[in-house]
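Listed below, chain by chain, are the residues.
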Amino acid sequence: FFSKILNADIRIQALMALGLTVWIIYTTDHLLDAGKIHVKASTIRHRFHQKNFHILFGLTLTALLADIVFVLYLRPAVLKAGVILGLLVCIYLIANKTLRSMKEIAGALFYPSGVGMPALVLSGADLNTFVILLIIQFMITAWINMLLFSLFDTENDKADQRISFATVMGKPFTSRLLVALFVICLGLACYQLIAGLDWAVIIVAFMDITLLAIFLFEKYFKTGDRYRLAGDAVFLFPLFYLFA
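Note that the structure is a prediction, hence the values are computed from the model and not measured. (Residues numbered from 1 in each chain as written. Predicted model: local features only at pLDDT ≥ 70, side-chain atom pairs only at ≥ 80, totals over all residues. Heavy atoms only, no water.)

Considering the environment of Val 121
Right, so step 1: Assignment of secondary structure puts Val 121 in helix α6 (residues 103-123).
Right, so step 2: When residues no more than four places from it in sequence are discounted, the contact partners of Val 121 are Ala 77, Val 78 and Ala 81. (Helix = DSSP H or I, 4+ residues; strand = E, 2+ residues; numbered from the N terminus. Contact = heavy atoms within 4.5 Å.)

Below you can see the structure in the form of structure tokens.
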């Protein structure tokens, strides 16, 4: 998505390293959570990681080894930027015990930084108003996604003694913050469309609208964890831009 916007040539090894890294981070996070829960977990995904802990642990190690191989073949500029971002992530993880309620904010910063970094590094293009606003909009969208999950998972997180933004700040404040973020994101989208900027903004706007629908129809989407399927599926929307 970002490589097409910035006309950057992203090679397959960078895409493989990025995909594996995201999977490793998510799976490791769930395995750590599952390991801390000494009774049957209250959520389907954590019960899955409890039940298949050893298999997933082995797959994660295998993915890590493959990831290292792909990383060795990255272009120097991408590798250098990745190391810097990786060090920032390590600093956050070290401070994670005292900043656990900030994980949603950290994710909203690190995830878009990671997926957009190769394109930004290799494009060599100046960051114009459109690109800057789109990155901000994408980061807010990622934050909305994680805050929404935190809100819907509040009871389960409390039952499993997991800390999240919603368990610390409360559901009413989290809901008000989500409303504010939806207004900001859709406002940015309207401004960019009026200004006649690239139609990629429509893709991100539809991501926000889908997340807004999940927020408004909480009862429906909480049934069977539909909110997780729909909420994560929004990050596939940029495929429409790639194939257009």
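Looking at the packing of helix α7 (residues 129-152) against helix α13 (residues 226-233)
Right, so step 1: Remark: α7 packs on α13, axes separated minimally by 10 Å, with the N-to-C direction vectors making an angle of 175°. On the basis of the axis angle, α7 is roughly antiparallel to α13. Residues Asn 145, Phe 149 and Phe 152 of α7 touch α13, and the partners they reach there are Tyr 227, Arg 228, Gly 231 and Asp 232. (Axes fitted to C-alpha atoms, helices over the stretch in contact; angles between N-to-C directions. Parallel < 35°, antiparallel > 145°, perpendicular 65-115°, else oblique.)

Quick word on helix α10 (residues 171-194)
Right, so step 1: Under the 1.5 Å per step criterion, the end-to-end length of α10 is 35 Å for 24 residues, consistent within 8% with the ideal 34 Å.
Right, so step 2: Where α10 is concerned, the buried positions are Thr 174, Leu 177, Leu 178, Leu 181, Phe 182, Cys 185, Leu 188, Ala 189 and Gln 192.
Right, so step 3: Those residues of α10 hidden inside the fold are in contact with α7, α9 (165-169) and α11 (200-216).
Right, so step 4: Just downstream of α10, Gly 196 is the residue with a positive phi angle, here 75°. (Expected span 1.5 Å × (residues − 1). Buried < 20%, exposed > 50% of the residue type's maximum accessible area, 1.4 Å probe, protein only.)

Some points on the packing of aromatic side chains
Right, so step 1: As enumerated under the stated definition, the model contains 13 aromatic pairs in all.
Right, so step 2: Between Phe 182 and Phe 215, the ring centres sit 5.8 Å apart and the planes meet at 45°, which makes this aromatic pair tilted. Here Phe 182, found in helix α10, pairs with Phe 215, found in helix α11; they are 33 residues apart in sequence, far enough to count as distant. This pair shows no difference in class: Phe 182 is buried, exactly as Phe 215 is.
Right, so step 3: An aromatic cluster of at least three residues, connected via ring pairs, comprises Phe 1, Phe 2, Tyr 111, Phe 138, Trp 199, Phe 235 and Tyr 241.
Right, so step 4: A cation over a ring is seen here: Lys 4 above Tyr 241, with NZ or CZ 5.1 Å from the ring centre. (Phe/Tyr/Trp six-rings, centres within 6.5 Å; stacked < 30°, edge-to-face > 60°. Lys NZ or Arg CZ within 6 Å of the ring centre and 35° of its normal.)

What to know about the side chain of Thr 174
Right, so step 1: Residue placement: Thr 174 occurs in helix α10.
Right, so step 2: Every residue in contact with Thr 174, bar those within four places of it in the chain, is listed here: Leu 147, Leu 151, Phe 165, Ala 166 and Met 169.

Things to note about unusual backbone geometry
Right, so step 1: You will see that Asn 7, though not glycine, has its phi angle at about 55°, which is positive.
Right, so step 2: With respect to the helices and strands, Asn 7 occurs in the loop between α1 (2-6) and α2 (12-36).
Right, so step 3: The phi dihedral of Asp 225 is positive, around 55°, even though this residue is not glycine.
Right, so step 4: Turning to its location among the elements, Asp 225 is positioned in the loop between α12 (218-222) and α13.
Right, so step 5: For Asp 225, a relative accessible area of 22% translates into the label partly exposed.

Interpretation note: all reported values are geometric properties and have no functional meaning in isolation.
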